[in-house]
Amino acid sequence: MILISCPDCGARDETEFHYGGQAHVPYPEDPSTLSDEEWGRYLFYRENTKGIFAERWVHSSGCRKWFNVLRDTVTYRIAAVYRNGEPRPTLDGDSQ
Amino acid sequence: MVETMIEPIDKKTSDLRVSPAQHLHGDFLVAGVTGAFGVRVREEQFLTMVSLRVPVGSADRDRLAQILGAELPARCGEVATGHDVVVMWLSPDEYLVISQSVAGSTLASYLRAGVSEGAAAVVDLSANRTTLRLEGPSAQAVLEKGCPLDLHPRTFATGTAFATNIGRVPVLLWKVDTDSYRILPRASYADYLGRWLIDAMAEFKVLGSG
Ligand SMILES: [Zn+2]
């Protein structure tokens, strides 16, 4: 069980949240111009980072808002929580 | 052709309606525990609940505050008390307006008068949730069996309310007073949650009699 700090509600148990996968995947500017492969890559291809990973979470049993989290996929330690639309924070020793 | 007679309804709708946990009324009475480990549960029927969604920073907020008699709550947990209503924070742009005395349709029309066309949503959700009142010295211990929230008075102060889960049921949990909680589950979960609470209360009956 991890504790996640919702930007609006504070620290809550992981069970109150749902996972939304990799953050900062932009919606294509003009999807109709994409090839099938490009569209497929947008829909299904995601990073499989070992270490600090920027990911989306939604506080489903609370305020029902989406936000972003920097989490270490090895230790599960959460390094930062930030709101939708905010840039990914830089961490010490973070290569991005 | 057989003519069908439809009996006219002479009772008012308010006399005919049935609340989501009404069938558990007797079971709730039997499950109640008195004494030092006491805990009781009952349904508070038909509270008026109106959902209010208004964007952060909207100019409508001031007008709504005047109508409600209270500023919209600013942060998670806050419950504001206004004229015959309380306003519960559900999210930065979502509130639940609860009243014991004002009808849903009346409250909704008052609020609609305060919001600009298309910029906010006011919906009468009185039938969406029911209210279970859990009280007694063991109430916190009963809730702690199935609620992920920290219920210690240090973090859960009287007069605050949070959206959370109890026994897997999504609820709004409102601490009305010391050892007194209002639990707001959606109507279809009221039966399950009512029975879950009865089950969670059972051990205190044994403790109380021992
Ligand atoms: Zn939240």
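Residues numbered from 1 in each chain as written. Chains lettered and ligands numbered in written order. Predicted model: local features only at pLDDT ≥ 70, side-chain atom pairs only at ≥ 80, totals over all residues. Heavy atoms only, no water.

1. Considering the layout of surface pockets
Residues and elements named next belong to chain B.
- Roughly 370 Å³ of internal volume is contained in the largest pocket.
- At the level of elements, β5 (94–99), β8 (161–166) and β9 (169–177) are the ones that each hand at least two residues to the lining of the largest pocket.
- If one sorts the elements of the lining of the largest pocket by residue count, β9 sits on top with three residues.
- Across the lining of the largest pocket, the residue classes break down as eight nonpolar, eight polar and five charged.
- There are two domains that each give the lining of the largest pocket at least three residues, and those are domain 1 (19–45 + 130–210) and domain 2 (47–127).
- In this model, the second largest pocket occupies a volume close to 280 Å³.
- What lines the second largest pocket is a set of 17 residues, among which R17, F46, L47, T48 and S126 lie closest to the centre.
- For the lining of the second largest pocket, the class distribution of residues is six nonpolar, eight polar and three charged. (1 Å grid on protein atoms, 1.4 Å probe; cavity = no way out; pocket = protein on both sides within 12 Å on 5 of 7 lines; lining within 4 Å. Points joined across faces, edges and corners; volume = space filled by probe spheres on them. Helix = DSSP H or I, 4+ residues; strand = E, 2+ residues; numbered from the N terminus. Nonpolar A, V, L, I, M, F, W, Y, C, P; charged D, E, K, R; others polar. Domains from an automatic or database assignment.)

2. Notes on the nonpolar core
All names here are of chain B.
- By size, the foremost hydrophobic cluster in this structure holds 59 residues, and its most contacted members are L134 and I183.
- Ranked by residues supplied to this core, first place goes to helix α6 (residues 190–209) with seven residues.
- The two domains that each donate at least three residues to this core are domain 1 (19–45 + 130–210) and domain 2 (47–127).
- Non-local contacts of I183, meaning those with residues more than four positions away in its chain, are made with T130, T131, L132, L134, L143, I166, V171, L172, L173, L193 and L197.
- Counting 13 residues, the second-largest nonpolar core is a separate cluster that includes M49, L96, A163 and W174. (Core = buried A, V, L, I, M, F, W, Y, C linked by side-chain atoms within 4.5 Å. Buried < 20%, exposed > 50% of the residue type's maximum accessible area, 1.4 Å probe, protein only. Contact = heavy atoms within 4.5 Å.)

3. Focus on the sheet that holds strand β3 (residues 79–81) of chain B
All names here are of chain B.
- An order of β3-β4-β5-β2-β6 is seen for the five strands of this open sheet, with the pairing classed as antiparallel. In this open sheet, the two strands that pair with only one neighbour each are β3 and β6 (121–124). In this sheet, adjacent strand axes meet at a mean angle of 20° when their direction is disregarded.
- Judged from the three bridges that link them, β3 and strand β4 (residues 86–91) form a sheet pairing that is antiparallel. (Pairing = 2+ DSSP bridges. Axes fitted to C-alpha atoms, helices over the stretch in contact; angles between N-to-C directions.)

4. Digging into the pairing of strand β5 (residues 66–72) of chain A
Residues and elements named next belong to chain A.
- Counting buried residues in β5 gives six out of seven residues, a clear majority hidden from the surface.
- Pairing of strand β4 (residues 52–58) with β5, which is carried by seven bridges, proceeds in the antiparallel orientation. Looking across to β5, one finds that I52 is bridged to D72.
- Summarising the sheet, β5 and strand β6 (residues 78–83) pair through five bridges and their orientation is antiparallel. Note that in β6 the partner of N68 across the bridge is Y82.

5. Details of empty space enclosed by the protein
- Applying the stated criterion across every chain, the model contains one cavity of 30 Å³ or more.
- A volume near 40 Å³ is recorded for the largest cavity.
- C9, R12, G62 and C63 of chain A together with C76, G77, W89, L90, A161, F162 and A163 of chain B are the residues that line the largest cavity.
- When residues of the lining of the largest cavity are traced back to their parent elements, those giving at least two are β4 and β8 of chain B.

6. What to know about the interface of chain B and chain A
- Listed per partner, the contact involves 15 residues of chain B and 11 residues of chain A.
- Carbon and sulfur atoms supply 45% of the area buried between chain B and chain A, which totals about 950 Å² over both sides.
- Between the two partners, chain B and chain A, sit two salt bridges.
- We note a salt bridge from R64 of chain A to E94 of chain B, for which the minimum N-O separation is 3.0 Å.
- At the surface where chain B touches chain A, the tally comes to five residue pairs in polar contact (both at pLDDT 80 or more).
- Among the elements of the structure, β4 and β8 of chain B are those that each provide at least two residues to the side of chain B that touches chain A.
- Its residues assigned to classes, the side of chain B that touches chain A shows eight nonpolar, three polar and four charged. (Buried area = accessible area lost by both parts, 1.4 Å probe. Salt bridge = Lys/Arg side-chain N within 4 Å of Asp/Glu carboxyl O. Polar contact = N/O pair within 3.5 Å; in protein donor to acceptor, adjacent residues only side chain to side chain.)

7. Describing the packing of aromatic side chains
- Inspection of every chain in the model, using the stated rule, returns six aromatic pairs over all chains.
- Seen from their ring centres, Y19 of chain A and W57 of chain A are 5.0 Å apart, and the 70° between their planes marks the pair as edge-to-face. In this pair, Y19 of chain A sits in strand β3 (residues 18–22) while W57 of chain A sits in strand β4, placing the two residues 38 residues apart along the sequence.
- Taking 6.0 Å as the distance between ring centres and 35° as the angle between the ring planes, the aromatic pair formed by F156 of chain B and Y181 of chain B counts as tilted. Here Y181 of chain B lies in strand β10 (residues 180–185) and F156 of chain B lies in the loop between α5 (139–144) and β8, a separation of 25 residues in the sequence.
- Here F156 of chain B falls in the buried class, since its relative accessible area comes to 1%.
- The class for Y181 of chain B is buried, based on a relative accessible area of 1%.
- Through successive ring pairs, a cluster of aromatic residues spans Y27, W39 and Y42 of chain A.
- Looking at R17 of chain B, its charged tip hangs above the ring of F46 of chain B, at a distance of 3.8 Å from the centre.
- R182 of chain B extends its terminal NZ or CZ atom over the ring of W174 of chain B, reaching a point 4.9 Å from the ring centre. (Phe/Tyr/Trp six-rings, centres within 6.5 Å; stacked < 30°, edge-to-face > 60°. Lys NZ or Arg CZ within 6 Å of the ring centre and 35° of its normal.)

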